[in-house]
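Commentary on secondary and tertiary structure
Listed here are the chains, written in short residue letters.
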Amino acid sequence: MILVLRALGVGDLVTAVPAVRALRAAYPGRELALAAPAWLAPLVDLVGGVDRLVDTSGLDRPVRVGSAPRVAVNLHGRGPRSHRLLAATRPARLLAFASGDAGFSDGPRWVEQEHEVDRWCRLLSWYDIPADRADLGLRRPAPRGLPTGATLLHPGSKIPAKRWPAERFAALARALTDQGHRVLLTGSADERALAVRVADDAGLPSGAVLAGRTDLGALAALVADARLVVSGDTGVAHLATAYGTASVVLFGPVPPARWGPPPDRPRHRVLWAGEGDWPRWDGVGSHPTLAALHLDEVLAAVAEVERVVRVSGAIAA
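Read on for an overview of the structure. Keep in mind it's a predicted model, so treat the numbers as computed, not measured.

1. A closer look at the nonpolar core
- Membership of the largest hydrophobic core comes to 96 residues, with the highest contact counts inside it found for Leu43, Leu75 and Leu138.
- In this structure, Leu75 is in contact with Val4, Leu5, Arg6, Ala16, Ala19, Val20, Leu23, Trp120 and Leu123, ignoring residues within four places of it in sequence.

This is the structure we're talking about:
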């Protein structure tokens, strides 16, 4: 068995797809078990190549896999806790970044500012396992009778600092509706109140709020068949990249060099106010790097990616 640890969220899983697929190719005859939260199961099915999902949320409980793995792979972090969690499964071999605190030196050094996709591809390359950092695509979900061709606005984020101000999302929803977009608001159950607020302020009907009404598989289907996605630096942005759906991603305070879509894909536009000399943040509301992004910039980025889609469609025809 090949055991892979990635006990995090949507964006974390999608950015690890090239590494997971590289491991599948490297060990074609072995069972590949992914230690990740059970709620990610619909998305794991769309990655392909994973034989078993081992419900693992965080690093506080043992990974229960039965027999010892032949190879355990740490795609979770730098250690020492994640290293020790995998070591406790008694693998014949551990592939991981070097961690003096975990007593593990057989691996490359961790580079803090590295892009998340490149990080895991480089780890595997250290162990002579080639990985294609461009291999980010997901399988398309089965048809589920969901709206197609909609513009999805995703105002939420697990980290409040990464949220663009709600009133600007509402203004964006109004402007895009006036331009003929069918605007829908997505998010988790915890983000439903935020989405309802944006919809009310934008004058959208209650049916436009899908936050809290879709599971992960339905969200993937919505993104796969959407016209456009506008969001902060969160999981839905990575789904847009995976499906080649036009997107505008609002970054802050973490720069896009760490988590952004590949820069050579013009359907995905990143807005980032840069490092700058920002006022001291009080920890409440949007981070100043996000508050610095204004409606006209987002509308211009939307127009840009839609132009790219039209041009590419004309060339393909």
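2. Remarks on helix α6 (residues 166-178)
- Taking 1.5 Å as the rise per residue, α6 with 13 residues should run 18 Å; its terminal C-alpha atoms sit 19 Å apart, in good agreement.
- For α6, every residue scored as buried is listed here: Ala166, Arg168, Phe169, Ala170, Ala171, Leu172, Ala173, Ala175 and Leu176.
- Two residues or fewer after α6 comes Gly180, characterised by a positive phi angle close to 100°.

3. Concerning the sheet that holds strand β1 (residues 2-5)
- As summarised here, the arrangement of the five strands in space is β3-β2-β1-β4-β5, forming an open sheet in which the pairing is parallel. Pairing within the sheet leaves two strands with one partner each, and these edge strands are β3 (52-55) and β5 (93-95). Each strand axis lies, on average, 20° off the axis of its neighbour in the sheet, ignoring direction.
- Pairing geometry for β1 and strand β2 (residues 32-36), over four bridges, is parallel. If you follow Val4 over to β2, its bridge partner there is Leu34.

4. A word on the sheet that holds strand β8 (residues 228-232)
- Reading across the sheet, the five strands line up as β7-β6-β8-β9-β10 and stay open at both edges, with parallel pairing between neighbours. Each having just a single partner strand, β7 (183-185) and β10 (268-272) make up the two edges of the open sheet. Here the strands of the sheet are splayed against their neighbours by 15° on average, with no regard to which way each runs.

5. Some points on the layout of surface pockets
- Considering only enclosed or pocket space, the largest pocket measures out at about 860 Å³ in volume.
- Lining the largest pocket are 26 residues, with Val10, Trp39, Lys158, Thr234 and Gly235 sitting closest to its centre.
- At the level of secondary structure, the elements contributing two or more residues to the lining of the largest pocket comprise α1 (10-15), α8 (216-224) and α9 (235-243).
- Split by residue class, the lining of the largest pocket holds eight nonpolar, 10 polar and eight charged.
- Along the walls of the second largest pocket sit Val54, Asp55, Thr56, Ser57, Gly58, Asp60, Arg61, Pro62, Val63 and Arg64, which together make up its complete lining.
- Here the residues of the lining of the second largest pocket sort into three nonpolar, three polar and four charged.

Thresholds, definitions, all that
- Residues numbered from 1 in each chain as written.
- Predicted model: local features only at pLDDT ≥ 70, side-chain atom pairs only at ≥ 80, totals over all residues.
- Heavy atoms only, no water.
- Core = buried A, V, L, I, M, F, W, Y, C linked by side-chain atoms within 4.5 Å.
- Buried < 20%, exposed > 50% of the residue type's maximum accessible area, 1.4 Å probe, protein only.
- Contact = heavy atoms within 4.5 Å.
- Helix = DSSP H or I, 4+ residues; strand = E, 2+ residues; numbered from the N terminus.
- Expected span 1.5 Å × (residues − 1).
- Pairing = 2+ DSSP bridges.
- Axes fitted to C-alpha atoms, helices over the stretch in contact; angles between N-to-C directions.
- 1 Å grid on protein atoms, 1.4 Å probe; cavity = no way out; pocket = protein on both sides within 12 Å on 5 of 7 lines; lining within 4 Å.
- Points joined across faces, edges and corners; volume = space filled by probe spheres on them.
- Nonpolar A, V, L, I, M, F, W, Y, C, P; charged D, E, K, R; others polar.

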